[in-house]
Amino acid sequence: MLASLALLLGLPLALATEPPSCAPLVPVTFDDATVPRILGQWVYISGASSYPPHLEELKTVKHSVFSFFPGSHEDELNVTETMRLNETCVVKNSSKIQIFRHNSTLVHVDDQSFSTAELIQSDKDLLILKHITGSAPGLSLSARTPNVSKEHMEEFKAHLHCLGFTDDEVFFTSEKDACPLPGEKTEEGDAEPQPE
């Protein structure tokens, strides 16, 4: 009797120390409302990848703002990006996103490469992408503003943890490293973004 009482009293403590369960990342099912929702400007906040070329790129991105615009057909988006790669501001206007509705994937195509991702269900002001590169997972977070709530950041970090990423494998951008957007007045000393 005493042993079962001790077991019952100890069970809540044992359960409390279990790590949180990992809910699966649920991709958005593309419909007619999906594409208009993701059009416009996004600020890249954070990313992680175990794919070596993406990992190297993540280390160099200090800040990035990108915008999606309608492309030449309903399943294509044009992308403009203004980013700081280490100390250099770069503008890219030549990439496109191909939308594959049948499997809810996005394929980013530019002059040098392509990458595939799933848009993950989340808050309407967040853009969480699960990057698909063979068996090497990747996840990124972008938002409509440079600041996300603590709750949204904790949700993103939990997803990263469930994918096996450690804090050292996650890279964050900083608003202090923002490049002036094309057409913006710059303060003396600010580097003009260079078209790529």
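This section reports on the structure supplied with the text. (Residues numbered from 1 in each chain as written. Predicted model: local features only at pLDDT ≥ 70, side-chain atom pairs only at ≥ 80, totals over all residues. Heavy atoms only, no water.)

## Topic: the state of the cysteines
Applied cut-off: In this description, the term disulfide denotes a pair of cysteine sulfurs within 2.5 Å. Only runs of H or I of at least four residues qualify as helices and only runs of E of at least two qualify as strands under DSSP, and these elements are numbered from the N terminus. Categorising residues by exposure relies on relative accessible area from a 1.4 Å probe, with only protein chains included: less than 20% of the type maximum marks a residue as buried, more than 50% marks it as exposed, and the intermediate range marks it as partly exposed.
Considering all chains together, one arrives at two disulfides under this definition. Linked covalently through their sulfurs, C89 and C179 form a disulfide whose S-S length is 2.1 Å. Where C89 bonds to C179 through sulfur, the torsion about that S-S bond is close to -90 degrees, and the disulfide is left-handed. You can see C89 sitting in strand β4 (residues 88-100) and its partner C179 sitting in the loop between β9 (170-172) and β10 (194-195), a full 90 residues away along the chain. Take C179: its relative accessible area is 8%, and that puts it in the buried class.

## What to know about the nonpolar core
Using the following cut-off: In these notes, a set of buried Ala, Val, Leu, Ile, Met, Phe, Trp, Tyr and Cys residues joined through side-chain atoms within 4.5 Å is what counts as a nonpolar core.
The biggest cluster of nonpolar side chains holds 19 residues, and the ones touching the most others in it are F68, L119 and L127. Elements supplying a minimum of two residues to this core: α2 (34-38), β1 (40-49), β2 (61-70), β3 (76-85), β4, β6 (114-120) and β7 (126-133). Of all the elements, β2 adds the most residues to this core, at three residues. By size, the runner-up hydrophobic cluster in this structure holds 16 residues, among which are L25, V65, I120 and L141.

## Some details on the side chain of S142
This is how it is decided: We call two residues contacting when some pair of their heavy atoms lies within 4.5 Å.
Take S142: it is sitting in strand β8 (residues 136-143). With residues up to four places along the chain from it excluded, the contact list for S142 reads W42, V43, Y44, I45, F66, D125, L126 and L127.

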